[in-house]
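The chain contents come next:
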Amino acid sequence: QVHLVESGGGSVQTGGSLRLSCAASGITSGNYYLGWFRQAPQTEREGVACMDRFGYTTYAASVRGRFTASRDNAKNVMTLQMNNLKPEDTALYYCAAGWDAGNCGLQSWRYDYWGQGTQVTVSS
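Residues numbered from 1 in each chain as written. Predicted model: local features only at pLDDT ≥ 70, side-chain atom pairs only at ≥ 80, totals over all residues. Heavy atoms only, no water.

Student: How should I be thinking about the nonpolar core in this particular structure?
Tutor: Residues Trp36, Val48, Phe67, Leu80, Met82 and Tyr93 are the most contacted members of the largest nonpolar core, which totals 28 residues. Those elements that place two or more of their residues in this core are strand 3 (18-25), strand 4 (33-39), strand 5 (46-51), strand 7 (67-72), strand 8 (77-82), strand 9 (91-98) and strand 11 (118-123). The residues touching Val48, leaving out its near neighbours within four places in the chain, are Trp36, Phe37, Arg38, Thr58, Tyr59, Ala60, Val63, Phe67, Leu80, Tyr93 and Leu106. The next biggest cluster of nonpolar side chains, apart from the first, holds six residues, and it includes Tyr33, Phe37, Cys50 and Cys104. (Core = buried A, V, L, I, M, F, W, Y, C linked by side-chain atoms within 4.5 Å. Buried < 20%, exposed > 50% of the residue type's maximum accessible area, 1.4 Å probe, protein only. Helix = DSSP H or I, 4+ residues; strand = E, 2+ residues; numbered from the N terminus. Contact = heavy atoms within 4.5 Å.)

Student: Would you mind showing me how to read the environment of Thr58 here?
Tutor: With respect to the secondary-structure elements, Thr58 resides in strand 6 (residues 57-59). Each C-alpha atom of the pair Thr58 and Leu106 lies 7.8 Å from the other, and the pair is 48 residues apart in sequence. Ignoring anything within four residues of it in the chain, the contact list for Thr58 reads Val48, Ala49, Cys50, Cys104 and Leu106.

Student: Got a minute to help me understand the sheet that holds strand 3 in this structure?
Tutor: The strands that make up a sheet pair up through hydrogen bonds in the backbone, lying either parallel or antiparallel. Spatial ordering of the open sheet is given by 1-3-8-7, a layout of four strands whose pairing is antiparallel. Looking at which strands have only one partner, the edges of the open sheet turn out to be strand 1 (3-7) and strand 7. Sheet twist, expressed as the average angle between the axes of neighbouring strands with direction ignored, equals 15°. As paired strands, strand 1 and strand 3 are joined by five bridges and run antiparallel to one another. Its bridge partner being in strand 3, His3 is matched across the sheet by Ser25. (Pairing = 2+ DSSP bridges. Axes fitted to C-alpha atoms, helices over the stretch in contact; angles between N-to-C directions.)

Student: Would you explain the state of the cysteines in this entry?
Tutor: Here a disulfide denotes one covalent bond, and it connects the sulfur atoms of two cysteines. Enumeration over the complete set of coordinates arrives at two disulfides. Here Cys22 pairs with Cys95 through a disulfide, and the sulfurs are 2.1 Å apart. On the sign convention where negative is left-handed, the bridge of Cys22 and Cys95, at about 60° about the S-S bond, is right-handed. Placement of the pair is Cys22 in strand 3 and Cys95 in strand 9, with a sequence separation of 73 residues. (Disulfide = S-S within 2.5 Å.)

Student: Any chance you could explain the side chain of Arg53 here in plain terms?
Tutor: Take Arg53: it is sitting in the loop between strand 5 and strand 6. At 3.2 Å, the side chain of Arg53 forms a polar contact with the backbone oxygen of Asn31. (Polar contact = N/O pair within 3.5 Å; in protein donor to acceptor, adjacent residues only side chain to side chain.)

Student: Got a minute to help me understand the pattern of salt bridges in this structure?
Tutor: Where charged atoms from two side chains of opposite charge come close, those side chains can pair. All chains considered together, the criterion is met by three salt bridges. Of the charged contacts in the structure, one is a salt bridge between Arg38 and Glu46, with a shortest N-O distance of 2.9 Å. Classification of Arg38 by relative accessible area gives buried; the value is 5%. Here Asp89 makes a salt bridge to Arg66, at a shortest N to O gap of 2.8 Å. With a gap of 23 residues between them, Asp89 in the loop between strand 8 and strand 9 and Arg66 in the loop between strand 6 and strand 7 connect regions that are remote in the sequence. Residue class for Asp89 comes out buried when judged on its relative accessible area of 0%. A relative accessible area of 9% places Arg66 in the buried class. (Salt bridge = Lys/Arg side-chain N within 4 Å of Asp/Glu carboxyl O.)

Any functional reading would require information beyond the geometric quantities listed.
Below, the structure is given as structure tokens:
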């Protein structure tokens, strides 16, 4: 079965950095597009970043220039480097994987598998 496990969340102050990782098992990540989503309490899930199997990356406007996504297909790991964090980045962050031949997208319906989330808290 497919499992995705996030790690790297924590609490930082405004302007700080965190690096999230997602380890995938049960799939060959090179055959999937991978994404990061986040959800704050009583809000809808928001797409943050995604990367297709060839390395093309898409970012939400709210994080572009601050967050960088990467993937290591050989190790089935993807990473989200988060710099210059802001309080509005506070959320539970999820990694996700979806099967598709094309480019990735930031809509949750595109994804088939989800991790359990890791909490990111940014204080002012």
